[in-house]
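As a plain string of letters, each chain reads:
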Amino acid sequence: MIPTKEETIEIINKYVKEKANLEHNLMVGYGMLGLAKYFKLPEPEQNKWFVAGCLHDIDIEEYGGEMKNHCVVGEELLRKEDIDEDIIKTIKSHNDILNIPRTTKIENALYSCDGLTGIIRAYVLLRPDKDIQQAKVKSITKKLKDKTFAQGVSREKIRVCEQTLNTPLNEFIEAVLNGIKENMKFN
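Residues numbered from 1 in each chain as written. Predicted model: local features only at pLDDT ≥ 70, side-chain atom pairs only at ≥ 80, totals over all residues. Heavy atoms only, no water.

Asker: Whenever I open this one, helix H1 (residues 5–15) confuses me. Can you help?
Answerer: Residues three or four positions apart in an α-helix share a direction because the helix packs 3.6 residues into each turn. Of the positions making up H1, those classed as buried are Thr8, Ile11, Ile12 and Tyr15. Within H1, the buried residues cover an arc of 95° as seen down the axis, which keeps them to one side. Seen from the buried face of H1, the exposed residues on the opposite side, beyond 90 degrees, are Glu6 and Glu10. Looking at the buried residues of H1, the elements they touch are helix H2 (19–38), helix H3 (43–55) and helix H4 (72–80). (Buried < 20%, exposed > 50% of the residue type's maximum accessible area, 1.4 Å probe, protein only. Helix = DSSP H or I, 4+ residues; strand = E, 2+ residues; numbered from the N terminus. Arc of directions from axis to C-beta. Contact = heavy atoms within 4.5 Å.)

Pasting the structure below:
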């Protein structure tokens, strides 16, 4: 099953309780939606991209911090929710430790979008107004270049979008940022 946007949000809320974790999942979902629109995918495909992004860390509060368990525990939860096997494979592919080759556009997009949202979220939370609407591609790009900012985020994971998606980095950032801006507020 590929759930609707509303059903997807219900599912993620069932398993993810911490605000920061929930916001991360939603940001990746909306970032993926922005990318799907950028690639001019049909609406059912846009929804699939949102679902994969929104549920990508469904197990973030359950896998016990062991990366080898991340997405393995998630796979169990996703199967329990009867989520489509393609989406489960896409989600599992974002964890490098599992060594699942990323062969599709959606898998490559999720991989890079996941990291980029970490930069975007850190940037927005540091703004005095915490207003995502004021975030600009130029500012996010500058933070991406600053290796002391959000040090836990792999810049290579983000930049690989240029090869795997044949998309310039600034356009990738803009598409993800637009998807988030259209759908989220921070407080």
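Additional details are given in the paragraphs that follow.
Asker: Honestly, unusual backbone geometry in this entry has me stumped. Any pointers?
Answerer: Backbone geometry follows two general trends: most residues other than glycine have a negative phi, and most peptide bonds adopt the trans configuration. For Lys40, which is not glycine, the phi dihedral falls at a positive 60°. Along the chain, Lys40 turns up in the loop between H2 and H3. Exposure remark for Lys40: the relative accessible area of 72% places this residue in the exposed category.

Asker: Just to check I follow, could you spell out the packing of H2 against H3 for this structure?
Answerer: The packing of two helices is summarised by the inter-axis angle and the distance between the axes. One way to put it is that H2 packs onto H3 with a least axis distance of 7 Å and a crossing angle of 155°. Classified by the interaxial angle, the pair formed by H2 and H3 is roughly antiparallel. The two elements H2 and H3 cross, and the hand of that crossing is right-handed. Between H2, through Asn25, Leu26, Val28, Gly29, Tyr30, Met32, Leu33, Leu35, Ala36 and Lys37, and H3, the contact on the second element is made entirely by Gln46, Trp49, Phe50, Gly53, Cys54 and Leu55. (Axes fitted to C-alpha atoms, helices over the stretch in contact; angles between N-to-C directions. Parallel < 35°, antiparallel > 145°, perpendicular 65-115°, else oblique. Left-handed = near helix turned anticlockwise from the far one by under 90°.)

Asker: Could you clarify how one ought to interpret the nonpolar core in this entry?
Answerer: The nonpolar side chains of a soluble globular protein tend to be buried with one another. Counting residues in each nonpolar core, the largest one holds 55 residues, and the members touching the most others are Met32, Leu35, Trp49, Leu55 and Ile120. Residue assignment for this core shows that the elements contributing at least two residues are H1, H2, H3, H4, helix H5 (85–93), helix H6 (105–126), helix H7 (137–145) and helix H10 (169–181). In contact with Met32, other than residues within four places in its own chain, are Trp49, Phe50, Gly53, Ile106, Ala109, Leu110 and Cys113. (Core = buried A, V, L, I, M, F, W, Y, C linked by side-chain atoms within 4.5 Å.)

Asker: Please explain the pattern of salt bridges as it appears in this structure.
Answerer: All told, the structure shown has twelve salt bridges when counted by the stated rule. The salt bridge partner of Arg121 is Glu23, with a shortest N-O separation of 2.7 Å. One end of the pair, Arg121, is in helix H6; the other, Glu23, is in helix H2, and 98 residues separate them in sequence. Using a relative accessible area of 18% as the deciding quantity, one classes Arg121 as buried. With relative accessibility at 9%, the residue Glu23 sits in the buried group. Between Lys157 and Asp114 there is a salt bridge, and its shortest N-O distance comes to 3.2 Å. Here Lys157, found in helix H8 (residues 155–159), pairs with Asp114, found in helix H6; they are 43 residues apart in sequence, far enough to count as distant. On the basis of relative accessible area, Asp114 is assigned to the buried category, the value being 10%. (Salt bridge = Lys/Arg side-chain N within 4 Å of Asp/Glu carboxyl O.)

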